[in-house]
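Each chain, letter by letter, is given below.
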Amino acid sequence: KAIYTVSVDEIGVSFDVIYEVIDNVLNMNIVNINEDTTKVYTINFPQNNLVSVRSTQEGAHFKSQRVNQSHTSHFQAKIDRDLANTMADTTYDVTNIAIVNDNNLAASITNSCMKSNQEVAYQTVDINGEYTSTGIWTNEYSYRGLLDSEVIAEPWAKVVITGDRNSDRKVAYFDGAIAYRDDI
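Since this is a predicted model, take the numbers as computed values, not measurements.

Q: Help me understand the pattern of salt bridges, please; the structure alone is not making it clear to me.
A: For side chains of opposite charge, pairing can occur when their charged atoms come near one another. Scanning the entire structure with this criterion turns up seven salt bridges. Across the pair Arg144 and Glu35 runs a salt bridge, and its minimum N-O distance is 2.6 Å. Of this pair, Arg144 sits in the loop between strand 13 (141–142) and strand 14 (156–162) while Glu35 sits in strand 3 (residues 25–35); the two residues are 109 residues apart in sequence, bridging distant segments of the chain. In this structure Arg144 comes out as buried when scored by relative accessible area, which is 8%.

Q: I tried to follow the pairing of strand 9 (residues 97–101) on my own but got confused; where do I start?
A: For a regular strand, the rule is simple: side chains alternate between the two faces of the sheet. In terms of residue burial, strand 9 counts as a mostly covered element, since four of its five residues are buried. The sheet contact formed by strand 9 and strand 10 (residues 106–111) spans three bridges and is antiparallel. Following the sheet pairing, Ile99 is matched in strand 10 by Ser108. Linking two consecutive strands that pair antiparallel, namely strand 9 and strand 10, is a turn of four residues.

Q: Please clarify how the side chain of His61 should be interpreted in this entry.
A: Among the structural elements, His61 can be located in strand 6 (residues 61–69). Reaching out from His61, the side chain makes a polar contact with the backbone oxygen of Arg81 at a distance of 3.3 Å. The residues contacting His61, other than those within four sequence positions of it, are Val53, Asp80, Arg81, Asp82, Leu83, Ile99, Val100 and Asn101.

Q: Sorry, what's going on with helix 1 (residues 173–183) here?
A: An α-helical segment advances 3.6 residues per turn. Residues three or four places apart therefore align on the same side. Residues of helix 1 that are buried include every one of Asp175, Gly176, Ile178 and Ala179, and no others. Buried positions in helix 1, seen along its axis, are confined to an arc of 160° and lie on one side of it. Buried residues belonging to helix 1 abut strand 9, strand 10 and strand 14.

Q: Even after reading the chapter, I still don't get the nonpolar core, so can you show me in this structure?
A: Residues Ile30 and Ile136 are the most contacted members of the largest nonpolar core, which totals 25 residues. Elements that contribute at least two residues to this core include exactly strand 2 (13–22), strand 3, strand 5 (51–54), strand 9, strand 10, strand 11 (120–127) and strand 14. Excluding residues that lie within four positions of it along the chain, Ile136 makes contacts with Asn49, Leu50, Val51, Phe62, Ala98, Val100, Ala107, Ser108, Ile109, Val120, Ala121 and Tyr122.

Q: Even after reading the chapter, I still don't get the side chain of Asn139, so can you show me in this structure?
A: Counting through the fold element by element, Asn139 comes out in the loop between strand 12 (131–138) and strand 13. Of the residues examined, Asn139 reaches a relative accessible area of 6% and is grouped as buried. A distance of 2.7 Å separates the side chain of Asn139 from the backbone oxygen of Gln118, its partner in a polar contact. Other than its neighbours up to four places away in sequence, Asn139 contacts Asn44, Val94, Cys113, Lys115, Gln118, Glu119, Val120 and Ala121.

The rules behind each value
- Residue numbers run consecutively from 1 along every chain, following the written order of its sequence.
- Thresholds applied to this predicted model are a pLDDT of at least 70 for local features of residues and 80 or more for the giving and counting of side-chain atom pairs; totals over whole chains, interfaces and linings are not thresholded and use all residues.
- Hydrogen atoms and water are omitted, and side-chain values are computed over all heavy atoms in the structure.
- Put simply, a salt bridge is a Lys or Arg side-chain nitrogen that is within 4 Å of an Asp or Glu carboxyl oxygen.
- Counting from the N terminus, the helices are DSSP H or I runs at least four residues long and the strands are E runs at least two residues long.
- Note on classification: 1.4 Å probe, protein chains only; a residue is buried when its accessible area is under 20% of the maximum for its type, exposed when over 50%, partly exposed between these limits.
- A pair of strands is labelled paired if DSSP reports no fewer than 2 bridges between them.
- Polar contacts, as counted here, are pairs of nitrogen or oxygen atoms within 3.5 Å of one another; within protein the pair requires one atom able to donate a hydrogen and one able to accept it, and residues that are adjacent in sequence qualify only if both atoms are side-chain atoms.
- A contact between two residues is defined here by any heavy atoms of the two lying within 4.5 Å.
- In this context, the arc is that of the directions from the helix axis out to the C-beta atoms.
- For the purposes of this section, nonpolar cores are sets of buried Ala, Val, Leu, Ile, Met, Phe, Trp, Tyr and Cys residues that join through side-chain atoms within 4.5 Å.

The following block contains the structure:
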């Protein structure tokens, strides 16, 4: 268990971020939110990967699915990337579900983000011209409602990491999907 205290003195806000590993799940909880002079409406840690995979890792892969459904439209965007030769992105993107894996492990995240169909953010970045790294993290949390200013909930995220879950003697995105379904 690790506790990090974050203080933003300029706006009079502080909170604790607690990380705890239980079995194959990393739990992150934001608690003890103190608002001395400023009310907190959202909390965001942009481009702060909760899990990532390097292009140099054997079998490095990224898969995501974004479903957007309303009473007037429905679309699905699926991304399936072999990361060995993936170029860096100029900006991050968002999705519902994202899974990264290499030949040894697969990982995914879930969270209390309320941005419909945009709960998870991801980006591939260049690391000193030597390789790329594709990371996934939680998109912005809603902490307080805009109309009534009531606290919605304390933000949380979970990262699941797994090996071969479907007994096919290899690790792929499907193993991460099983762990996502079963463990978080």
